[in-house]
Amino acid sequence: MSSEHMQIGEVAARTELSLRTIRHYEETGLVIPSARSQGGFRLYTESDVARLMVIRRMKPLGFTLDQMRDLLEATDRLDSGEKLAADEREALLERVRGYEQDAAEQVEKLRTQLARAEEFAATLRARLTRVPAL
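What you see is a predicted model, and the numbers here were worked out from it, not measured in a lab. (Residues numbered from 1 in each chain as written. Predicted model: local features only at pLDDT ≥ 70, side-chain atom pairs only at ≥ 80, totals over all residues. Heavy atoms only, no water.)

Asker: Please give an account of the nonpolar core that cites residues and values.
Answerer: Side chains that are nonpolar tend, in soluble globular proteins, to be buried together. The biggest cluster of nonpolar side chains holds 22 residues, and the ones touching the most others in it are Val11, Ile22, Leu30, Leu52 and Ile55. Ranked by the residues each element gives to this core, the list is headed by helix H3 (residues 46–58), at 5 residues. Discounting residues that sit within four places of it in the chain, Ile55 has contacts with Tyr25, Leu30, Val31, Met68 and Leu72. (Core = buried A, V, L, I, M, F, W, Y, C linked by side-chain atoms within 4.5 Å. Buried < 20%, exposed > 50% of the residue type's maximum accessible area, 1.4 Å probe, protein only. Helix = DSSP H or I, 4+ residues; strand = E, 2+ residues; numbered from the N terminus. Contact = heavy atoms within 4.5 Å.)

Asker: Let's hear about the UniProt feature "domain: HTH merR-type" (unreviewed entry) in the protein chain: which residues, and what values?
Answerer: Feature annotation in UniProt places "domain: HTH merR-type" (unreviewed entry) on residues 5–74, given in this structure's numbering. The distance from the first to the last C-alpha atom of residues 5–74 is 25 Å, and the span holds 57% helix and 10% strand. (UniProt positions renumbered as here; feature names shortened; annotations may be inferred.)

Asker: Give a description of the pattern of salt bridges that names residues and reports values.
Answerer: Inspection of every chain in the model, using the stated rule, returns 12 salt bridges. One salt bridge in this structure joins Glu46 and Arg14, with 2.8 Å as the shortest N-O distance. Of the two residues, Glu46 sits in helix H3 while Arg14 sits in helix H1 (residues 8–15), which places them 32 residues apart along the sequence. Residue classification places Glu46 among the partly exposed positions, given a relative accessible area of 47%. Owing to a relative accessible area of 39%, Arg14 belongs among the partly exposed residues under this scheme. Because the salt bridges share partners, they merge into one network encompassing Glu26, Arg36 and Arg42. (Salt bridge = Lys/Arg side-chain N within 4 Å of Asp/Glu carboxyl O.)

This is the structure we're talking about:
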């Protein structure tokens, strides 16, 4: 096996995703292993790992599988090296910009939730320090 291909266990370790999750993304067509070993094992490349990392980053922000697929299709097309017509390139960039804006909005919401959670934890700590000793 060449060093540029990884089996699913190594990919799981590198992406911190479970084998089950990686297989699910394969079944839904988000990530297709680049090759198979003679024994039939899935083989992944750095490009496959990069796709999984995009998916892993999108999931906690509430993006759906269809949105993940749409973004990956747009970035695949932009990164394909093909000469794109100006209007197609601009439409693809606009799709990516839309996801960037959605991600930024979700990050702000998460910052607010985190600040509230930290305030709550601080009030509990303060309450515990005020408990009189017996």
